[in-house]
Amino acid sequence: MRTKITSCPHRKKGIAIVLVIGLVAVMMPVLFMLSRIGTSQSQLAMKYHENLLSETIAFSGGNAGLSRLQGNLRGYQNLPDEICGDNKYALNLRPTGLGFFKQNLYFLLSKAAVKNHSYTLMAEAEQFRPEPDPPVMVITRDYWNTVEPYEIELMADVLAMQNYRGIDLLRFEETKAFELGSTGTQYSDEMTAKTSRLPEELQTDWAEAINNLVAEKLSL
């Protein structure tokens, strides 16, 4: 006589529950990690977007300033709340004297801020006389920008911007003199000596960066 063995339905249910719990335990950290990666990338993309947007709006403000000068508007002009689409920019045209041809000299300053991101543009402009009617000739030069939240209508902040710009120009002259006065080997050795000062993430690619710097360095 044979005894028929039947499987226990409760046992199958128990195994299924254990498998489900195991899958949940494994997948939850994975899903959490993927969601964090997605959130981080979205935040980074939004940060880049806001940076670019504030820069673009500031350039639009600079173009508006040029248009005002070309339209023969003269003297000190402070426009703190100009509209650019859904955003605003500040524009300041500050006279700095007269040029050799009796043209008016200005500091053209434009600023835009999007949430916590600020972008300030500074340039020198020369506004000539009408011949005989507008638009008048305007020459701009020495564009410089900063992400510091300067107030462009305050003389103290404008002077601070000028000082930082002057420091940048001095460093550029020092760099140019160093590149022109050194051979490729000397330049490479000097750059290689700075490897230990760099973050670890950059050290691995620094040798390749040096090769590119040497190939592009100024030479007589």
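Further up the page is the structure itself.
In this convention, every chain numbers its residues from 1, walking through the sequence in written order. The predicted nature of this model means local features are confined to residues of pLDDT at least 70 and side-chain atom pairs, given and counted, to a pLDDT of 80 or more, with totals for whole chains, interfaces and linings taken over all residues. Based on all heavy atoms of the structure, the side-chain values leave hydrogens and waters out of the count.

**What about unusual backbone geometry?**
Rules: Where helices and strands are cited, they refer to DSSP runs of H or I of at least four residues and of E of at least two residues respectively, numbered from the N terminus. Throughout this description, buried means an accessible area under 20% of the type-specific maximum (1.4 Å probe, protein chains only), exposed means over 50%, and partly exposed covers the range between.
For the bond from Glu131 to Pro132, the omega torsion is -5°, close enough to zero to count as cis. Looking at the secondary structure, you find Pro132 in the loop between strand 4 (117-127) and strand 5 (138-146). For the bond from Pro134 to Pro135, the omega torsion is 5°, close enough to zero to count as cis. Of note, the phi angle at Asp142 is positive, near 55°, even though the residue is not glycine. By relative accessible area, which is 29% here, Asp142 ends up partly exposed.

**What about the packing of helix 2 (residues 155-181) against helix 3 (residues 184-192)?**
For any two helices packed against each other, the geometry comes down to the angle between their axes and how far apart the axes lie. Rule in force here: Think of each axis as a best-fit line through the C-alpha atoms, taken over the contacting stretch in the case of a helix, with angles from 0 to 180 degrees between the N-to-C directions. Here roughly perpendicular refers to angles of 65 to 115 degrees, roughly parallel to angles under 35, roughly antiparallel to angles over 145, and oblique to all remaining angles. We call two residues contacting when some pair of their heavy atoms lies within 4.5 Å. In this count, Pro and Cys sit with the nonpolar residues alongside Ala, Val, Leu, Ile, Met, Phe, Trp and Tyr, while Asp, Glu, Lys and Arg are called charged and the others, Gly among them, polar.
Closest axis-to-axis distance for the helix 2/helix 3 pair is 8 Å, and the angle between their directions is 130°. Comparing their axes, helix 3 and helix 2 come out oblique. Contacts between helix 2 and helix 3 involve Phe178, Glu179 and Gly181 from the former and Gln186, Tyr187, Glu190 and Met191 from the latter. Tallied by class, residues from the contact of helix 2 with helix 3 come to 3 nonpolar, 2 polar and 2 charged.

**Quick notes on the sheet that holds strand 2 (residues 87-98)**
Worth spelling out the cut-off: One bridge is not enough; two strands pair if DSSP finds at least two bridges between them.
Reading across from one edge, 1-2-3-4-5 is the order of the 5 strands in this open sheet, with antiparallel pairing throughout. Two strands close off the open sheet at either side, each with one partner strand: strand 1 (77-84) and strand 5. Taking the axes of each pair of neighbouring strands and ignoring which way they run, one obtains an average angle of 20° across the sheet. Relative to strand 5, strand 4 runs antiparallel, the two sharing 7 bridges. Directly across from Thr120, in strand 5, lies its bridge partner Thr146. Along the sheet, helix 2 contacts strand 2, strand 3 (104-114), strand 4 and strand 5; its crossing angle with strand 5, the most-contacted strand, is approximately 90°.

**Description of helix 2**
Applied cut-off: To estimate the expected span of a helix, subtract one from its residue number and multiply by 1.5 Å.
Over its 27 residues, helix 2 extends 39 Å from the first C-alpha to the last, a length consistent with the 39 Å expected when each residue adds 1.5 Å. Of all the positions in helix 2, only Val158, Met161, Arg165 and Glu179 are classed as buried. Considering only its buried residues, helix 2 is in contact with strand 2, strand 3, strand 4, strand 5 and helix 3.

**Structural notes on the side chain of His117**
This is how it is decided: Counting of polar contacts relies on pairs of N or O atoms within 3.5 Å, with two restrictions inside protein: one atom must be capable of donating a hydrogen and the other of accepting it, and residues adjacent in sequence are counted only when both atoms are side-chain atoms.
Position of His117 relative to the elements: it lies in strand 4. Assessed through its relative accessible area of 16%, His117 is described here as buried. Looking at His117, its side chain comes within polar contact range of the side chain of Glu50, at 2.9 Å. Side chain to side chain, His117 and Asn51 meet in a polar contact 2.8 Å long. Setting aside residues no more than four positions away along its own chain, His117 makes contact with Lys47, Glu50, Asn51, Ser54 and Ala112.

**Observations regarding the environment of Leu105**
Inspection of the secondary structure puts Leu105 in strand 3. In this structure Leu105 touches Arg94, Pro95, Thr96, Gly97, Leu98, Gly99, Ala125 and Glu126, once residues within four positions along its chain are discounted.

**Quick word on the nonpolar core**
Here is the rule: For the purposes of this section, nonpolar cores are sets of buried Ala, Val, Leu, Ile, Met, Phe, Trp, Tyr and Cys residues that join through side-chain atoms within 4.5 Å.
Counting 16 residues, the largest nonpolar core has Leu69 and Val138 as its most contacted members. Not counting residues within four places of it along the chain, the set of residues in contact with Val138 comprises Leu66, Leu69, Gln70, Ala125, Glu126 and Gln127.

**Points about the environment of Pro135**
You can see Pro135 is positioned in the loop between strand 4 and strand 5. When its relative accessible area of 68% is taken as the criterion, Pro135 is described as exposed. Here the alpha-carbon distance between Pro135 and Gln70, two residues 65 residues apart in the chain, equals 4.9 Å.

**Digging into the pairing of strand 1**
In regular strands, side chains alternate between the two faces of the sheet. Both strand 1 and strand 2 contribute to a ladder of 6 bridges, which runs antiparallel. Considered in strand 2, the bridge of Ile83 is made with Lys88. Taking the residues between adjacent antiparallel strands as the criterion, strand 1 and strand 2 are bridged by 2 residues, where Gly85 takes a positive phi near 65°.

**As for the packing of aromatic side chains**
Applicable threshold: Centre distance within 6.5 Å is the pairing criterion for rings of Phe, Tyr and Trp, where only the six-membered ring of Trp is used; planes under 30 degrees apart are then read as stacked, over 60 as edge-to-face, and the remainder as tilted.
Scanning the model with the defined rule gives 3 aromatic pairs in all. Note on Phe59 and Tyr119: the rings are 6.2 Å apart at their centroids and 40° apart in plane angle, and the pair reads as tilted. Taken as a pair, Phe59 in helix 1 (residues 9-70) and Tyr119 in strand 4 lie far apart in primary sequence, 60 residues in all. Measuring from ring centre to ring centre gives 5.5 Å for Phe178 and Tyr187, while their planes differ by 35°; the resulting arrangement is tilted. Of the residues examined, Tyr187 reaches a relative accessible area of 5% and is grouped as buried.

Remember, this is a structural readout, not a statement about activity or role.
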